[in-house]
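# Secondary and tertiary structure notes
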Amino acid sequence: MGLEGRSLVSVWDLTCGEIRGLLEQAGEFAAAGGGGLGAGRILATLFYEPSTRTRLSFESAMLRLGGQTLGFAEAASSSVAKGESIADTVRMVGAYSDIVVQRHPWEGAAKVAADAASVPVVNAGDGGHEHPTQTLTDLFALQRRHGRLGGLTVGLCGDLKYGRTVHSLAPVLARFGSRCVCIAPPELAMPERFMAEVEELSGQRPQETADLAAALPELDCLYMTRIQKERFPDKSAYERLKGSYVVDRALLDRAPEHLSILHPLPRVDEIAPEVDADPRAAYFEQAAGGVFVRMALIAALLGLVDWPDASEEREPAQIAREQRRRRPQADVGACDNLKCVTHHEPGLAPDYLIVSDDPPLLVCEYCEWEKRPLPLSLESEG
Amino acid sequence: MGLEGRSLVSVWDLTCGEIRGLLEQAGEFAAAGGGGLGAGRILATLFYEPSTRTRLSFESAMLRLGGQTLGFAEAASSSVAKGESIADTVRMVGAYSDIVVQRHPWEGAAKVAADAASVPVVNAGDGGHEHPTQTLTDLFALQRRHGRLGGLTVGLCGDLKYGRTVHSLAPVLARFGSRCVCIAPPELAMPERFMAEVEELSGQRPQETADLAAALPELDCLYMTRIQKERFPDKSAYERLKGSYVVDRALLDRAPEHLSILHPLPRVDEIAPEVDADPRAAYFEQAAGGVFVRMALIAALLGLVDWPDASEEREPAQIAREQRRRRPQADVGACDNLKCVTHHEPGLAPDYLIVSDDPPLLVCEYCEWEKRPLPLSLESEG
Amino acid sequence: MGLEGRSLVSVWDLTCGEIRGLLEQAGEFAAAGGGGLGAGRILATLFYEPSTRTRLSFESAMLRLGGQTLGFAEAASSSVAKGESIADTVRMVGAYSDIVVQRHPWEGAAKVAADAASVPVVNAGDGGHEHPTQTLTDLFALQRRHGRLGGLTVGLCGDLKYGRTVHSLAPVLARFGSRCVCIAPPELAMPERFMAEVEELSGQRPQETADLAAALPELDCLYMTRIQKERFPDKSAYERLKGSYVVDRALLDRAPEHLSILHPLPRVDEIAPEVDADPRAAYFEQAAGGVFVRMALIAALLGLVDWPDASEEREPAQIAREQRRRRPQADVGACDNLKCVTHHEPGLAPDYLIVSDDPPLLVCEYCEWEKRPLPLSLESEG
């Protein structure tokens, strides 16, 4: 198993075999504890924006492995105020610890840290871009509830436009042979890039609907997401939409018996408290499972466990994805995404990747925003 | 000893026998250390408002037991900014830890957490309501200084109106057979509810005086409190009163030799630094004792220690208190206390309890504020 | 070795023999790890202003020794908001821990804490005054790169007026028999007090120049410092000067092969990223070495290690320095430094020390600012 010493920026960094290995190890930790595997190791948590849930679950994971933690919970308590770069900070912290977990508001910040660090870096969220341990946690919950990761129909519901969890989950479900149904109002629809990615992976474009109740009967899992106010430029649209997709007692009455209801949490109004006691509510056990998943990941990246049967070979889907990604010959200028790390980290040039020729599609190597409109030179190149 | 798995919201949750058992255990930890009892256990500190002293003493206690800690030191670094409820947060953190310590600005927040959590919750202060480990720390200091908890005369001095420490201390002193003298200006007098409670418990209404020097000769212990600026709506009243009750060299000259001087700290001006070297000054050893008390409490709630001789039977005073508390038949509306958790936590209905029929007295089940004026329906019910 | 139980406020607290002993121990920890020496001990980090690098390196050091940590990362999360004094806070925290590390914005705050605490206190920076573990880290890097601390020529470059690291480093280099070259624009020149101190220690006044490139060929080490915007009253002067002293590829081409480049970090623009890969760049290994230095210091102050050959005798330079320092007979009033702790800590009288008679020179005992103009009474006394 080749995870030792590697970083985790995106779920795409892992093969399906590696993911299965991690989830199996997580199950063993859930059953038997951490066994002091991490004794003498230090995990650093660099949270440039606060996230109690994610930070505490990583810290709990490391402590339950017998290791130790240090770090900061928000940028104001850090050297960032003095203008230190992400790269310099992670180089320094890599000397103080054995593995680094970073959350950062700039999209692409995890790649910058992973490129600079001398120890493994885990992306605990870089803006709206990626949050791979959330995805592994989601998969662990599915595996535990349904006994498998393939052949499931998963309804992704709520904010599919801004919600990074569903952007990661939809493609990985396709890789495992499950399909998703996108349940959202048109304003919050799943972006085309992910629709196309799922279609390519599974040969099937995800079904889209705005009607949660109608979609419900065919689902194995309903994955709810919060409509996040802070992602909305237009607050009145938020107010109008936030109540549209709510799971309550009435909705449950029309749901299959074997349904599992997941949510990355925190929820606000989208799942009524009355649902918590229903056996189909799986979001608290999902959150609890996040500790075991992170124990498994930390143990794997530190080389504390070994799974002889986890396939290290890149999957065809990964290989195809990487082969599509090549640098354009023309200079295509700065990234359009103002939250992209290339606008903030000193000494960092924006890099672009061609991810599709037909239609031509160019994304920033760091934040993966699409370049729009495409530069004319590329139109001809593609 | 039935403390394993329980939460501590109020000192009233503990019998006198349980309190004696905790203090005895604290004494043993002070003498012999924690012995690694807590190895492999995690304590979570959820501090929605900062309190260095309380947080660090809990963390020190857990570390000295051989356990580990995680948590947050202020709400700004937490998910609270995203609107997560207290109940959801503590459910989540209960999956990351074995015991939760919570401080919260909303009154009644500790009960909400204890009701929702799957692990023991310790109230480390919920607004002006309760702070039971401070009270245990006060009792430990009395026990260590005077060798007993009964038969003492304790002067409670300073801000008796807003000071939650004295609201908890006065009744528990009565339960142990000690009496208190309330030393405060009329503006800061002990609220009637606590005066009546002590009178009922001890058969004697506490003596009240505004004259510290005159009360001094009869005291075994002088318990000073800070006149807290942040609790005063009228800042000019604060300025006028803050200098009224100050312990200095001159006052000490008139104090008994065996007096102990306690203070929950931090002090500002109410005890002059020149007093620190006097053998009667006991506030620093009191603070230091807080670590051993919290070690004992954590060990008891986690079931790491057992005291066969600690009485688990509810005391007559506890039983009488509980029996008095019953729900009114009429709906009495929202709680008048704007800092009550019922105004903030989603899905929480204010509950009221009748705690006295003559005179009729109704308190919020969460924050224990009195309902005033009483609803007419209740006047007739009582 | 008499370091057990002592505090470290200034590098002047240590003999050269003690420093050599610490660095040797640091080297052993770097080679062989901490060996669980600190098991069961607690280090408290009291950071009244944020400093990720320093705080995390102390925490990492304690964890790598097998100990534990607690504390706060900024004043807003602490009791300071309630007006508690430094002395009371450190007394309290000394009951919760075995050793205290304090960073504070007020100059002289470390002495106040060390005077009040019952456990060793390490100064992790008190305003612009002292930061002795940074100096030990600098010396460790020199020792590791050059194999010796004496006979070196060290260029101190950048902000020599406000940079506390160079104020500490220059005199200790003189004590070890190395010389420094001061490279700075006139506006940021090394203050006279340190020039005079080095001259007295070494018999030689440091060379001063504004021309980095010209000074480069004769240097063994180039110690770069950041021109810190926050120390500048005049922001336009900052903008004009900040680009003057930059190490880049072009400058490196003119530098000796055996040069080491140090920097206390964080850097902003004063060392170009292209320099990082050059073998002369030693600043990241310098930062990494800080963990081992702090391990050695913690172990020494806690009495966990013993070096029979480290000289405990005060050096002639230390003795001469102490003998010069005597209290003036006249009252010389308040300290002129508004950031001096004597203006903030309650009950603290400013103390002055005569440190030179010819010319007469008077410094505050806490922050060591010079009194200017001297009171007339002292002119006659001196």
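Residues numbered from 1 in each chain as written. Chains lettered and ligands numbered in written order. Predicted model: local features only at pLDDT ≥ 70, side-chain atom pairs only at ≥ 80, totals over all residues. Heavy atoms only, no water.

## As for the side chain of Arg193 of chain C
Residues and elements named next belong to chain C. As for its position among the elements, Arg193 is in helix 7 (residues 192-202). One buried charged residue, Arg193, forms no salt bridge at all, with the nearest opposite charge on Glu370 at 4.1 Å. Polar contacts involving the side chain of Arg193 include one to the main-chain carbonyl oxygen of Glu368, which spans 3.1 Å. Setting aside its immediate chain neighbours within four residues, Arg193 contacts Leu361, Val363, Glu368 and Glu370. (Helix = DSSP H or I, 4+ residues; strand = E, 2+ residues; numbered from the N terminus. Buried < 20%, exposed > 50% of the residue type's maximum accessible area, 1.4 Å probe, protein only. Lys, Arg positive; Asp, Glu negative; His and termini not counted. Salt bridge = Lys/Arg side-chain N within 4 Å of Asp/Glu carboxyl O. Polar contact = N/O pair within 3.5 Å; in protein donor to acceptor, adjacent residues only side chain to side chain. Contact = heavy atoms within 4.5 Å.)

## Let's talk about the relation of the copies chain C and chain A
The transformation that overlays chain C on chain A combines an axial shift of 0.0 Å with a rotation of 120 degrees, and the residual RMSD is 0.0 Å. Taken together, the rotation and translation describe the operation of a three-fold axis. Residues of chain C ranked by C-alpha distance from the rotation axis are headed by Gln68 of chain C, positioned 5.0 Å from it. In this assembly, only 8% of the residues forming the interface of chain C have copies in chain A that are likewise at the interface, indicating a heterologous arrangement. (Least-squares fit on C-alpha atoms with pLDDT ≥ 70 in both.)

## Let's talk about the nonpolar core
Across soluble globular proteins, nonpolar side chains have a tendency to be buried as a group. Residues Ile19, Leu22, Leu139, Leu142, Leu156, Met190 and Ile298 of chain A are the most contacted members of the largest nonpolar core, which totals 103 residues. The element best represented in this core is helix 11 (residues 283-301) of chain A, accounting for nine residues. Ignoring anything within four residues of it in the chain, the contact list for Met190 of chain A reads Leu156, Leu160, Val166, His167, Ala170, Cys182, Met195 and Glu208 of chain A. Residues Leu374 of chain A together with Leu23, Phe176 and Val198 of chain C belong to the second largest nonpolar core, which totals 97 residues. (Core = buried A, V, L, I, M, F, W, Y, C linked by side-chain atoms within 4.5 Å.)

## Some words on the pairing of strand 1 (residues 42-47) of chain A
Residues and elements named next belong to chain A. Counting buried residues along strand 1, six of its six residues qualify, which places the element largely inside the surrounding structure. Here strand 1 shows no split at all, with Ile42, Ala44 and Leu46 on one side and Leu43, Thr45 and Phe47 on the other all buried. In the sheet, strand 1 pairs with strand 2 (residues 68-72) via five bridges, with the strands oriented parallel. Considered in strand 2, the bridge of Leu43 is made with Thr69. Tracing the backbone out of strand 1, into helix 2 (residues 52-64) and back to the parallel element strand 2 gives a crossover that is right-handed. As defined by bridge partners, strand 1 adjoins strand 3 (residues 99-104) across five bridges and the pair is classed as parallel. The residue of strand 3 that forms the bridge with Phe47 is Arg103. (Pairing = 2+ DSSP bridges. Right-handed = clockwise from strand over helix to strand, strands pointing away.)

## Brief notes about the packing of aromatic side chains
The relative placement of two aromatic rings is captured by the distance of their centres and the angle of their planes. Tallied over the entire structure, the rule returns six aromatic pairs over all chains. Arranged with centres 5.2 Å apart and planes meeting at 90 degrees, the rings of Tyr48 of chain C and Phe72 of chain C form a pair that is edge-to-face. With Tyr48 of chain C in the loop between strand 1 (42-47) and helix 2 (52-64) and Phe72 of chain C in strand 2 (residues 68-72), the pair connects residues that are 24 residues apart, well separated along the chain. Grouping residues by exposure puts Tyr48 of chain C and Phe72 of chain C together as buried. The ring of Tyr366 of chain A carries Lys111 of chain A above its face, with NZ or CZ at 5.4 Å from the centroid. (Phe/Tyr/Trp six-rings, centres within 6.5 Å; stacked < 30°, edge-to-face > 60°. Lys NZ or Arg CZ within 6 Å of the ring centre and 35° of its normal.)

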